[in-house]
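Architecture and fold: a report
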Amino acid sequence: MGLSSLPWLVKPLYGFISDSVPLFGYRRRSYLVLSGLLGAFSWTLMAGFVDSKYSAASCILLGSLSVAFSDVVVDSMVVERARGESQSVSGSLQSLCWGSSAFGGIVSSYFSGSLVESYGVRFVFGVTALLPLITSAVAVLVNEQRVVRPSPGQKKENIALVNPGFLQTSKQNMIQLWSAIKQPNVFLPTLFIFLWQATPHSDSAMFYFTTNKLGFTPEFLGRVKLVTSIASLLGVGLYNGFLKTVPLRKIFLVTTVFGTGLGMTQVLLVTGFNRQLGISDEWFAIGDSLILTVLAQASFMPVLVLAARLCPEGMEATLFATLMSISNGGSVLGGLMGAGLTQVFGITRDSFDNLSTLIILCNLSSLLPLPLLGLLPKDSPDNVASKDDGDIEMKSN
């Protein structure tokens, strides 16, 4: 499954391609269409032709690439529309996008588990292959200005101004990207986010515990996924309704401390103490996932809003994808460290003697980045945006 994360680590490459190389005259629309077709192709292969682990891994990689590329393109479109708007409007736009994503997760989670139980995995893969085609169809309706191409009769100097060569454009984009990243108000918060995401976690060990030890079925795991999707929607609403003007430092401090404390409740599930309290394993797992996901989504929303507002014109896809890839890289590093600790404590698919210790250690490690909260802006997001808008607009011009 770690293979599916690889395309998400090179998202800046997709942004760079989308910003620099118009396809059929468009920087966004054409790539969305192709991403949808690639996703449909990969899931069609999974539904009817895959018969080995290597071919399955290749199809999963293609499907992940399709989603990652389209994610970069859509993010750039959101950034373009958020530029010049107030922090409240920008936050509402991000909330709308992530709320829509959470709603889609609710729908898919509701049906995925039961469909697998009733019709099998390949049938679900076949249905999934139809969904990327919706992306391709909707992309045709995107209102995007066509990139102007020089006519054959234009003078050479005009061609250089209207349509610079790929190497020249690439060089300009790299310079602009570096100028944006090296700004302290971009680099320092990004460093904190990376360290915040890079703390180890015990998700893989808990997955094996819930499936092999507690016997959670795919249908029930689908219900848990449904709950987490609803929780994501609630987290978006929590941020949009109450946290848009709260300073970033306060949001991260409160959510991290509360998340650490609530994450310790997984020890109750591992030790079975929840059953002594009269709470079944299923209901305890659902409630735990609900609360933790709300906190995680609410703490991640201001990162998206801040990153979107700092992207200069013409580099929307590249810079935003770079910031998100750094965040994803931290998450992958945290997963690798969690896997290493899982082996150190001797936790396997069938042995969970030290799982409680692993959970406690991973949750306490999430407090380690808190002394670095000073890397985040001191002011509220509104004040930070208002101070930086002039500089950003000048760089864009």
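All residue numbers here refer to positions counted from 1 along the written sequence of the relevant chain. Local features in this predicted model are restricted to residues of pLDDT 70 or higher, and side-chain atom pairs are both shown and tallied only at a pLDDT of 80 or more, whereas totals for entire chains, interfaces and linings draw on every residue. Side-chain metrics in this entry use all non-hydrogen atoms of the structure; hydrogen atoms and water are not considered.

1. Here we look at the side chain of Ser 136
Under the scheme used here, helices are H or I runs from DSSP no shorter than 4 residues and strands are E runs no shorter than 2 residues, and both carry numbers assigned from the N terminus. Residue position: Ser 136 is located in helix α6 (residues 121-139). In this scheme, a residue with accessible area under 20% of its type's maximum is buried, one over 50% is exposed, and one in between is partly exposed, where area comes from a 1.4 Å probe on protein chains only. Given the relative accessible area of 8%, Ser 136 is considered buried. For this analysis, a polar contact is any N or O atom pair within 3.5 Å, provided that within protein one partner can donate a hydrogen and the other can accept it, and provided that sequence-adjacent residues contribute only side-chain to side-chain pairs. At a separation of 3.3 Å, a polar atom in the side chain of Ser 136 contacts the main-chain amide nitrogen of Leu 37. Residue contacts follow a heavy-atom distance rule, with two residues in contact if any of their heavy atoms lie within 4.5 Å. If we skip the residues at most four places from it in the chain, Ser 136 touches Leu 32, Val 33, Gly 36 and Leu 37.

2. A look at the packing of helix α3 (residues 29-48) against α6
It is the contact of α3 with α6, at a shortest axis distance of 7 Å, that shows an interaxial angle of 170°. Taken together, the axes of α3 and α6 are roughly antiparallel relative to one another. Across the interface between the two elements, Arg 29, Leu 32, Val 33, Gly 36, Leu 37, Gly 39, Ala 40, Trp 43, Thr 44, Met 46, Ala 47 and Gly 48 from α3 touch Arg 122, Phe 125, Gly 126, Thr 128, Ala 129, Pro 132, Leu 133, Thr 135, Ser 136 and Ala 139 from α6. In this classification, Asp, Glu, Lys and Arg are treated as charged, Ala, Val, Leu, Ile, Met, Phe, Trp, Tyr, Cys and Pro as nonpolar, and every other residue, Gly included, as polar. Here the contact of α3 with α6 is composed, by residue class, of 12 nonpolar, eight polar and two charged. Interaxial angles span 0 to 180 degrees and are taken between N-to-C directions of axes, which are lines fitted to C-alpha atoms, for helices over the stretch in contact. Any angle that is under 35 degrees is reported as roughly parallel, and any over 145 degrees as roughly antiparallel; angles of 65 to 115 degrees are reported as roughly perpendicular and all others as oblique.

3. Brief notes about the nonpolar core
To qualify as a nonpolar core, a set must consist of buried Ala, Val, Leu, Ile, Met, Phe, Trp, Tyr and Cys residues joined through side-chain atoms within 4.5 Å. Within the largest apolar cluster, 28 residues are counted, with the highest numbers of intra-cluster contacts made by Phe 192, Phe 252 and Met 324. With 20 residues, the next largest nonpolar core counts Leu 214, Ile 347, Phe 352 and Ile 359 among its residues.

4. Concerning α3
Here α3 contains 20 residues, and its C-alpha end-to-end distance of 29 Å stays within 8% of the 28 Å for a straight helix at 1.5 Å per residue. Considered for burial, the residues of α3 that qualify are Arg 29, Ser 30, Tyr 31, Leu 32, Ser 35, Gly 36, Gly 39, Ala 40, Ser 42, Met 46 and Ala 47. Expected span of a helix: the number of residues minus one, times 1.5 Å.

5. Describing helix α2 (residues 11-20)
In terms of burial, α2 is largely enclosed, as seven of its 10 residues are buried. Residues of α2 that are buried include every one of Lys 11, Tyr 14, Gly 15, Phe 16, Ser 18, Asp 19 and Ser 20, and no others.

6. Digging into the side chain of Asp 288
Positionally, Asp 288 belongs in helix α15 (residues 281-309). Summary of buried charges: Asp 288 has no salt-bridge partner, and the nearest side chain of opposite charge, Arg 275, is 14 Å away. Among residues more than four places away in sequence, those in contact with Asp 288 are Leu 262, Thr 265 and Gln 266. For the purpose of counting charges, residues Lys and Arg are taken to be positive, whereas Asp and Glu are taken to be negative. His and the chain ends are not included. The term salt bridge refers to a side-chain nitrogen of Lys or Arg lying within 4 Å of a carboxyl oxygen of Asp or Glu.

7. Things to note about the confidence of the model for the chain
Of the residues in the chain, 82% have a pLDDT of 70 or more, and the chain-wide mean is 77. A score from 0 to 100, pLDDT tells how confident the predictor is in each residue. Across the chain, element-level confidence peaks in α3 with a mean pLDDT of 91 and bottoms out in helix α18 (residues 381-396) with 38. Scored below 50 in pLDDT, residues 154-163 makes eight contacts in the model with residues more than four places away or belonging to other chains. Every residue in residues 380-397 scores below 50 in pLDDT, and together they form 26 contacts with partners more than four places removed in sequence or on other chains.

8. Regarding the packing of aromatic side chains
Aromatic pairs are defined between Phe, Tyr and Trp rings, using the six-membered ring for Trp, whenever the two ring centres lie within 6.5 Å; interplanar angles under 30 degrees are classed as stacked, those over 60 as edge-to-face, and all others as tilted. On inspection of all chains with the given rule, the structure shows eight aromatic pairs. Centroid distance Trp 196 to Phe 252: 4.8 Å. Interplanar angle 80°. Geometry classified as edge-to-face. Of this pair, Trp 196 sits in helix α9 (residues 184-197) while Phe 252 sits in helix α12 (residues 248-263), and the two are 56 residues apart along the sequence. The class of Trp 196 is buried, set by a relative accessible area of 16%. Between the aromatic rings of Phe 209 and Phe 352, the centroid separation amounts to 5.4 Å while the plane-to-plane angle is 80°, which identifies the pairing as edge-to-face. Taken together, the positions of Phe 209 in helix α10 (residues 203-213) and Phe 352 in the loop between α16 (316-344) and α17 (355-365) put the pair 143 residues apart, joining distant regions of the chain. Grouping residues by exposure puts Phe 209 and Phe 352 together as buried. In textbook terms, an aromatic cluster arises when at least three aromatic residues are bridged by ring pairs, as seen for Tyr 14, Tyr 31 and Phe 69. Seen from the ring of Tyr 26, Arg 29 lies directly overhead, with NZ or CZ sitting 4.2 Å from the centre. A ring is considered to have a charge above it if a Lys NZ or an Arg CZ atom is located within 6 Å of its centre and within 35 degrees of its normal.

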